[in-house]
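# What the coordinates show
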Amino acid sequence: MMQLELGTFPVECVRTGWAAGYADGTLTVDVERLRARCLDDPRVVEVEIYIVEPGESTRIVHVRDVIEPRVKVSGEGHVYPAICGHPPDTVGDGVTHRFSGFAILIAADVPERIRRDVSAAADSLIDMSGPGAVTVYSTLRYVALTVHLEPALDLVEWNETLLAVSHRAADQLASQLRDLEPPIREHFALDPCGEELPRVVHVHTLNGSMVPGIGSTIYGYARHALPLLLHPNEILDGAIAGDAVVTYPGKCTWIQVNNPVLPGLYAHHGRDFEWLGSIVARTRWGATAEKELSAYQTVKLARMLRADGALVTWNHGGNDLIEVMLTIQGLERAGIKTVFLTIESDIKVVRMTPELAETGAHEPPLLFSVPEADAIVSTGTLAPETALPAMERTVGGDSVAFDFERPELRSTASGPLDLEELSGAYSPIFGHFDNYGIGTQSYFDY
């Protein structure tokens, strides 16, 4: 049985200095030492390092990934296993130390050819104050890395190089926690239930990339694969990580280890139900038969676990919803009562007013549905009512491109931004879709 202890070190202040370390809520960062670690790769041309705090008049652009530094103190493996050179051992057991309220953020401008290769690599931004500071990512303290790479790298190597930089930085900062006594300890284990309780499984659907070599990884594996069963401790210990290309908020690394669904289910385990674990299934298969196969295999695993109920989550949008809904349909037809936690997947929702909304007021909030999906919890959608004001400081770049169909169209990053006018699809605010209910960023009551 997996027994995971998370030791948490809250970060209330970040400062620079040669005496790097953590004490009493203050993290001191040796910037030059950290920069040297980041540059330990000939493909990395330059790294600029910034300290960013909540409430500042700062806009971070070209956000590629957000990573919470964590370190294994005891137990097998390495947090974020099988990625960026980490060993592939199974994680989820032992003791892991982590920062809270703090993360490594990696920013990099995407070359135009890579934007076109992926066809979805529009820029994203985080405002640390003002009307755009409505997501959880505006509440974190950052060591933000603006990374400049060799221009000739192909898509996969570009992604891998960026991730390696950010994980090297996260490993260096997290190593400072190894021998410290954490002020907060949490214990996670699926202890046996002493009485007969309803048996519940979490169906955790993750977007699979259509481009081999990029996308959310499970133990470093990014390609499509049939569903598998993970202990929730594996997810809390970093078995799932994000990529650095398509900055969709549900795919970043930080949200995987801070997914509120997991501690939420743990809080009810042994009291209201018996939690069986998390079935992780890929979405965005290319053919209908593949989508059906994935759904059927997910249902099969739930039946083999003798599940009575299921909570289904997803981390993307668009045609990923087909696999999700087919899975819900199959679970319900198998007698497994299912609840779906979902964003509302509007095609273009940037400023949500009746006059400007393209969908939402007159279209269904889900692109595809089945009659069996009759228990749905909405986390809403992000729809700022006003343009974003200018910021005093910009981190990550000087200009932004929000329309991935026309990446040559650029706006000044520090200036006022009317996202309704500039964005070609979804809102570029990082975290605009609250896939797991972690924040309160919706502008409407649901």
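Residues numbered from 1 in each chain as written. Predicted model: local features only at pLDDT ≥ 70, side-chain atom pairs only at ≥ 80, totals over all residues. Heavy atoms only, no water.

Further remarks concern the side chain of T58. Following the sequence through the fold, T58 ends up in strand 6 (residues 58–61). Residue classification places T58 among the buried positions, given a relative accessible area of 1%. In terms of polar contacts, T58 uses its side chain to reach the side chain of R393, at 3.3 Å. Non-local contacts of T58, meaning those with residues more than four positions away in its chain, are made with V52, I126, D127, M128, M391, R393 and V395. (Helix = DSSP H or I, 4+ residues; strand = E, 2+ residues; numbered from the N terminus. Buried < 20%, exposed > 50% of the residue type's maximum accessible area, 1.4 Å probe, protein only. Polar contact = N/O pair within 3.5 Å; in protein donor to acceptor, adjacent residues only side chain to side chain. Contact = heavy atoms within 4.5 Å.)

Okay, the sheet that holds strand 22 (residues 393–395) next. Strand pairing in a sheet is mediated by backbone hydrogen bonds. Such pairs are either parallel or antiparallel. Overall, mixed pairing links the 3 strands, which are arranged 11-6-22 in an open sheet. Either end of the sheet is taken by a strand with one partner, and the two such strands are strand 11 (125–127) and strand 22. Strand-to-strand twist across the sheet, computed as the mean angle between neighbouring axes with direction ignored, equals 20°. Relative to strand 11, strand 6 runs antiparallel, the two being bridged by 3 bridges. When the sheet's bridge partners are listed, V61 is paired in strand 11 with L125. (Pairing = 2+ DSSP bridges. Axes fitted to C-alpha atoms, helices over the stretch in contact; angles between N-to-C directions.)

What follows is about the pattern of salt bridges. Under the criterion given, the structure shown has 18 salt bridges. The residue R271 makes a salt bridge to D272 at a minimum N-O spacing of 3.2 Å. Owing to a relative accessible area of 53%, R271 belongs among the exposed residues under this scheme. According to the relative accessible area criterion, D272 is partly exposed, its value standing at 38%. Salt bridges here are not isolated pairs; linked through shared partners, they connect E5, E181 and R185. (Salt bridge = Lys/Arg side-chain N within 4 Å of Asp/Glu carboxyl O.)

Turning to the nonpolar core, a few remarks are in order. If you look at the biggest cluster of nonpolar residues, it comprises 71 residues, and the most contacted ones within it are F99, V143, L145, V147, W158 and F340. Top element by residues in this core is helix 3 (residues 155–174). It accounts for 9 residues. Apart from the residues within four sequence positions on either side, V147 is in contact with V44, E46, V47, I106, A107, A108, L162 and V165. Core analysis: the next-biggest nonpolar cluster, separate from the first, contains 43 residues, L140, Y219, V261 and L265 among them. (Core = buried A, V, L, I, M, F, W, Y, C linked by side-chain atoms within 4.5 Å.)

Quick look at the packing of helix 1 (residues 31–38) against helix 3 now. Interaxial distance between helix 1 and helix 3 falls to 9 Å at its minimum, and their mutual angle equals 140°. Taken together, the axes of helix 1 and helix 3 are oblique relative to one another. As for how helix 1 packs across helix 3, the hand of that crossing is right-handed. Of helix 3, the residues touching helix 1 (which contributes R33, L34, R37 and C38) are V165, R168, A169 and Q172. Here the residues of the contact of helix 1 with helix 3 are counted per class, giving 4 nonpolar, 1 polar and 3 charged. (Parallel < 35°, antiparallel > 145°, perpendicular 65-115°, else oblique. Left-handed = near helix turned anticlockwise from the far one by under 90°. Nonpolar A, V, L, I, M, F, W, Y, C, P; charged D, E, K, R; others polar.)

The next subject is the pairing of strand 18 (residues 274–283). Where burial is concerned, most of strand 18 is hidden: 9 out of the 10 residues are buried. Where strand 14 (residues 199–207) meets strand 18, 8 bridges bridge the pair, whose relative direction is parallel. Bridge pairing in strand 18 places V203 opposite I279. For strand 16 (residues 228–230) and strand 18, the ladder comprises 3 bridges, and the chain directions are antiparallel. Across the sheet, the residue bridging to L229 is I279, located in strand 18.

Another aspect to go through is the environment of F402. Along the chain, F402 falls in the loop between strand 23 (399–400) and strand 24 (411–412). Under the relative-accessibility criterion, F402 is labelled buried at 5%. Sequence spacing of F402 and D123 is 279 residues, and the spatial spacing of their C-alpha atoms is 5.4 Å.

Attention now moves to the environment of A281. As for its position among the elements, A281 is in strand 18. Here the alpha-carbon distance between A281 and L229, two residues 52 residues apart in the chain, equals 8.9 Å. With residues near it in sequence (within four places) discarded, A281 still touches H204, T205, L206, P227, S294 and T298.

Attention now moves to the confidence of the model for the chain. In this model, the chain carries an average pLDDT of 89, and 91% of its residues clear a pLDDT of 70 or more. Taken together, the stretch residues 356–361 has pLDDT below 50 and engages in 13 contacts with residues farther than four places along the chain or on a different chain. The low-confidence segment residues 442–446 (pLDDT under 50) makes 15 contacts with residues lying over four places distant or belonging to another chain. (pLDDT = per-residue confidence, 0-100.)

Let's shift gears to the packing of helix 7 (residues 288–304) against helix 8 (residues 320–333). It is at 8 Å that the axes of helix 7 and helix 8 come closest, and there the two elements cross at 40°. By the angle between their axes, helix 7 is oblique relative to helix 8. Considering how the two elements wind past one another, helix 7 and helix 8 form a crossing that is right-handed. On helix 8, the residues that touch K291, E292, A295, T298, V299 and A302 of helix 7 are I322, E323, L326, T327, G330 and L331. Residue composition of the contact of helix 7 with helix 8, grouped by class: 6 nonpolar, 3 polar and 3 charged.

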